[in-house]
Amino acid sequence: MKEDFLHYVWRFKCFNVNQLFTITGESIQLLQTGDYLQTEGPDFFNAQLIIGSQKWAGTVEIHLKSSDWYVHHHETDSNYDNVILHVVWEYDLPVYRTNNSEIPVLELQHRVDPALIQNYHHLLLRKEWLPCEQHLSSIPQFVLYNWLERLYFERLAQKAIPVLQLLKAYKNDWESVLFVLLAKNFGLNTNGDAFFQVAQSIRFSQFCKEAVEVHQIEALLMGQAGILPESPLDTYTQDLCARYDFLKLKYSMQAPNIRMQYFKLRPDNFPTIRLAQLAMVYHKRQQLFQAVWNCKVLTDFEKLFHVGVSSYWETHYTFDKPSRKKSKQLSKSFIYLLIINTLVPLKFAYAQHLGKFDADAQLVVLQKIPPESNTVIDKFAHLGIQAQHAQHSQALLELKKSYCDLKKCLNCAIGTTLLKTNR
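We now turn to the structure provided with this report. (Residues numbered from 1 in each chain as written. Predicted model: local features only at pLDDT ≥ 70, side-chain atom pairs only at ≥ 80, totals over all residues. Heavy atoms only, no water.)

## Examining the pairing of strand S2 (residues 27–32)
The side chains of a regular strand alternate between the sheet's two faces. Bridge analysis of strand S1 (residues 20–21) against S2 gives 2 bridges, and the strand direction is antiparallel. Residue pairing for S2: Phe-21 is matched across the bridge by Ser-27. (Pairing = 2+ DSSP bridges. Helix = DSSP H or I, 4+ residues; strand = E, 2+ residues; numbered from the N terminus.)

Structure (structure tokens):
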């Protein structure tokens, strides 16, 4: 038995609310259980009760044993002076306020349905990939998909946090924030952190000045990435090296200490190609952040990022080694990754910043993108939860990471539904 189970029992009134009495025999009328904020201090705020003939408004504290009040040192914490009811599983000793009045206690151990307790233990003690995986098929579809929608927004909110932190670091310059986040996404998992450091090492205002000529920003990005060869062979590579030497001196730049990875990457994902594509995006698209903000539907994003590479990289994957000609335009699947991981979270953060949050607008694009394919999504599909689009796959990733792996079943709509089910 854990306190979070008692929080759940109190929050959803999973006990007989009629004929409630304190340990001392006073009647209790439960008007409002209170707000479960999960912050420091008492467990529930703004509760309303009638104890005996007196109406009370204040906080409720919950423990497994009443003696836990002293174990947690609440007697020395003024945050607990307004507790109007102490809800416990087992009463073992009285608790007093600072004015020596005894805090009313409600004991729950004989008021909760044993089947609910059994279901709780069944969920929490299971060792499968998901605690509830054997019963997922019994979850009503409206419960599941309403929960997935909420999980998606929880994931967006989490992704917005580093965006807003960057915004503060860049003094409210949204274009700079987009640049570093977009660079990170272009690097994918293998080189994402390195691309992020490259972008951070370049002042975006300087980058914009040079973006008129694509070779200038190719030189800037690849030079700061440390991938320009020391002894270039062909004319183009020699030109890039000369450009970078000039730009480095012009802007007093210092390259970050990083190493790009090529191992196990498909050639189209080589850092040379991804940096060349990033350079082309900024060469062709001025005021990119405003253009992203103006994108309303999926085709808007696809048109905005319909770019390839400069002519040299159409016939090369690495410096000085020609290959068969290929346009190397950003694929739809790559654009979808940009939308999922960077562009929609950025728009969400910006909408929050402006106080113009529109839930439907955040959903419309993701619902047109196919679901991601990875081991987590595939496993959910095997268990009977099939992601219909990218919003669902993002929500399922959030479900696994933030609820299932942490066994937060009591905070999950699926878990709480199963707790109420007689099995």
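## Focus: the packing of helix H4 (residues 141–169) against helix H5 (residues 174–186)
The interhelical angle for the contact between H4 and H5, taken along N-to-C directions, is 125°, at an axis separation of 9 Å. One finds that H4 runs oblique with respect to H5. Of the two possible hands of crossing, H4 and H5 adopt the one that is right-handed. Only Trp-174, Val-177, Val-180 and Leu-181 of H5 make contact with H4, whose side of the interface consists of Val-163, Leu-164, Leu-166 and Leu-167. Classifying every residue of the contact of H4 with H5 gives 8 nonpolar, no polar and no charged. (Axes fitted to C-alpha atoms, helices over the stretch in contact; angles between N-to-C directions. Parallel < 35°, antiparallel > 145°, perpendicular 65-115°, else oblique. Left-handed = near helix turned anticlockwise from the far one by under 90°. Contact = heavy atoms within 4.5 Å. Nonpolar A, V, L, I, M, F, W, Y, C, P; charged D, E, K, R; others polar.)

## A few points about the pattern of salt bridges
The tally for this structure, following the rule as stated, stands at 9 salt bridges. One salt bridge connects Arg-243 with Glu-213, and the closest N-O pair in it is separated by 2.9 Å. Note that Arg-243 is positioned in helix H9 (residues 235–250) and Glu-213 in the loop between helix H7 (204–210) and helix H8 (214–224), a separation of 30 residues in sequence. Residue Arg-243 is classed as buried on the basis of its relative accessible area of 17%. The closest approach of N and O atoms between Asp-405 and Lys-400, which form a salt bridge, is 2.3 Å. Taken together, the salt bridges that share partners define one network made up of Glu-213, Asp-239 and Arg-243. (Salt bridge = Lys/Arg side-chain N within 4 Å of Asp/Glu carboxyl O. Buried < 20%, exposed > 50% of the residue type's maximum accessible area, 1.4 Å probe, protein only.)

## Quick word on the nonpolar core
Core analysis: the biggest nonpolar cluster contains 143 residues, and Trp-10, Tyr-282, Phe-305 and Ile-339 have the highest contact counts within it. Setting aside anything within four residues of it in sequence, one finds Ile-339 in contact with Leu-298, Phe-301, Val-344, Pro-345, Val-365, Leu-366 and Ile-369. Counting 5 residues, the second largest nonpolar core, distinct from the first, contains Tyr-80, Val-83, Val-95 and Ile-103. (Core = buried A, V, L, I, M, F, W, Y, C linked by side-chain atoms within 4.5 Å.)

## Side note on the packing of H4 against helix H14 (residues 332–354)
Packing of H4 against H14 brings their axes to within 8 Å, and their N-to-C directions diverge by 80°. The pairing of H4 with H14 is recorded here as roughly perpendicular in orientation. Residues Tyr-152, Phe-153, Leu-156, Ala-157, Lys-159, Ala-160, Val-163, Leu-164 and Leu-167 of H4 pack against Ile-340, Asn-341, Val-344, Pro-345, Leu-346, Phe-348, Ala-349, Gln-352 and His-353 of H14.

Spatial relationships are all this shows, so hold off on functional conclusions.
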